[in-house]
Amino acid sequence: PAVPIQAQMIVARSLATGEILWKSHDVWDAGHQLMTIYGPPTVRGQSLFAIIQQSEQLLLARMDARSGRLEGASLLGECPHPSLDRRRLTQACPIIWSGNHLICTTGVGAVVAFDLYAGQIAWAYRHPRQDNLVAGQLFGQPLVGSRGWQWFHDCHEAQLVLSDGRLIYLTPESKLLR
């Protein structure tokens, strides 16, 4: 069964003074505080965008950069609850821009392009997961080391690159450069 995961938090600080301007926990309603945030937000104009997961839903969240207020979230897809796929808790889902498309990895075997003007997924590419668990000492669980869960032998973070109209990417759940 799915168990609660401690919520993560986004904190905004003043560049001039370092003072905390807002914390997502203070400005989001209680229903949105129990979610997993996959990586740092990306800025576009006066908005912040981040990949978040609430229960079994993977979402693209849009926040007001000045206040931290959650302006909305668009469904990217369904995926296992983080308590059932704890390896994903160490992953970030980076976001890059191409025109009006936001392109991101998901941590569950897909890359998605979201059209901000249309408000919907423009395209998605699914690839097989090839996660490799490192044998642990407690019932086959992954080892915890200085770098977090040691569950893979390959890359440690997703990378997305746009080059000459092509997307090139590498994710921890796949062994292939695509």
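See the structure shown above.
The present account deals with the structure reproduced in this document. Predicted model, so just to flag it, every value in this text is computed and none were measured.

### A look at the overall build of the protein chain
Then, number 1: Scanning the protein chain from terminus to terminus reveals two helices and 15 strands.
Then, number 2: Buried residues in the protein chain amount to 38% of all 178 residues.
Then, number 3: Of the roughly 9,900 Å² of accessible surface on the protein chain, 53% is carried by carbon and sulfur atoms.

### Some points on the pattern of salt bridges
Then, number 1: For the structure on display, the rule yields three salt bridges.
Then, number 2: A salt bridge links R62 to E71, with the shortest nitrogen-to-oxygen separation between them at 3.5 Å.
Then, number 3: With a shortest N-O distance of 3.8 Å, E71 and R69 are connected by a salt bridge.
Then, number 4: Taking the relative accessible area as the measure of exposure, E71 reaches 37% and is therefore partly exposed.
Then, number 5: One connected set of salt bridges, linked through shared partners, spans R62, R69 and E71.

### Regarding the sheet that holds strand β11 (residues 120-126)
Then, number 1: The four strands are arranged β8-β9-β10-β11 in an open sheet whose pairing can be described as antiparallel. Of all strands in the sheet, those bounded by a partner on one side alone are β8 (95-98) and β11. Going across the sheet, the axis of each strand differs from the next one's by a mean of 20°, ignoring polarity.

### With respect to the nonpolar core
Then, number 1: Ranked by size, the top nonpolar core spans 15 residues in total, and within it F49, I51, L60, L76, I95, L102 and C104 carry the most contacts.
Then, number 2: Sorting the residues of this core by element identifies β5 (47-54), β6 (57-64), β8, β9 (101-105) and β10 (110-115) as the ones contributing at least two each.

### Some thoughts on a nonpolar patch on the surface
Then, number 1: On the surface, M9, V11 and I20 cluster together to form a nonpolar patch covering roughly 230 Å² of accessible area.
Then, number 2: Take V11: its relative accessible area is 38%, and that puts it in the partly exposed class.

### Quick notes on the environment of H127
Then, number 1: One can find H127 in the loop between β11 and β12 (143-145).
Then, number 2: The exposure class assigned to H127 is buried, which follows from its relative accessible area of 3%.

### A few points about the packing of aromatic side chains
For any two aromatic rings, the description comes down to two numbers: the centre-to-centre distance and the angle of the planes.
Then, number 1: Under the counting rule described, the total for this entry stands at one aromatic pair.
Then, number 2: Relative to W97, the ring of F49 lies with its centre 5.3 Å away and its plane at 75°, an arrangement referred to as edge-to-face. Taken together, the residues F49 in strand β5 and W97 in strand β8 connect sequence positions 48 residues apart. Summarising the burial analysis for this pair, F49 and W97 share the class buried.
Then, number 3: Above the plane of the ring of W97 lies R44, whose end atom (NZ or CZ) is 4.4 Å from the centre.

### A few points about the pairing of β10
Then, number 1: The buried count for β10 comes to six of six residues, which makes it a mostly enclosed element.
Then, number 2: Here β10 shows a buried face lined by A110, V112 and F114 and a second buried face lined by V111, A113 and D115.
Then, number 3: Examined bridge by bridge, β9 and β10 share five bridges and lie antiparallel to one another. By the bridge assignment, H101 is partnered in β10 with D115.
Then, number 4: In this antiparallel pair of consecutive strands, β9 and β10, the connection spans four residues, and G107 shows a positive phi of 80°.
Then, number 5: Taken together, the six bridges between β10 and β11 define a ladder with antiparallel strand orientation.

Cut-offs and rules
- Residues numbered from 1 in each chain as written.
- Predicted model: local features only at pLDDT ≥ 70, side-chain atom pairs only at ≥ 80, totals over all residues.
- Heavy atoms only, no water.
- Helix = DSSP H or I, 4+ residues; strand = E, 2+ residues; numbered from the N terminus.
- Buried < 20%, exposed > 50% of the residue type's maximum accessible area, 1.4 Å probe, protein only.
- Areas by Shrake-Rupley, 256 points an atom, 1.4 Å probe, with all protein chains shown as cover.
- Salt bridge = Lys/Arg side-chain N within 4 Å of Asp/Glu carboxyl O.
- Pairing = 2+ DSSP bridges.
- Axes fitted to C-alpha atoms, helices over the stretch in contact; angles between N-to-C directions.
- Core = buried A, V, L, I, M, F, W, Y, C linked by side-chain atoms within 4.5 Å.
- Patch = residues over 30% accessible without salt bridge, like charges linked within 9 Å, V, L, I, M, F, W, Y side chains within 5 Å.
- Phe/Tyr/Trp six-rings, centres within 6.5 Å; stacked < 30°, edge-to-face > 60°.
- Lys NZ or Arg CZ within 6 Å of the ring centre and 35° of its normal.

Just distances and angles here, no functional claims.
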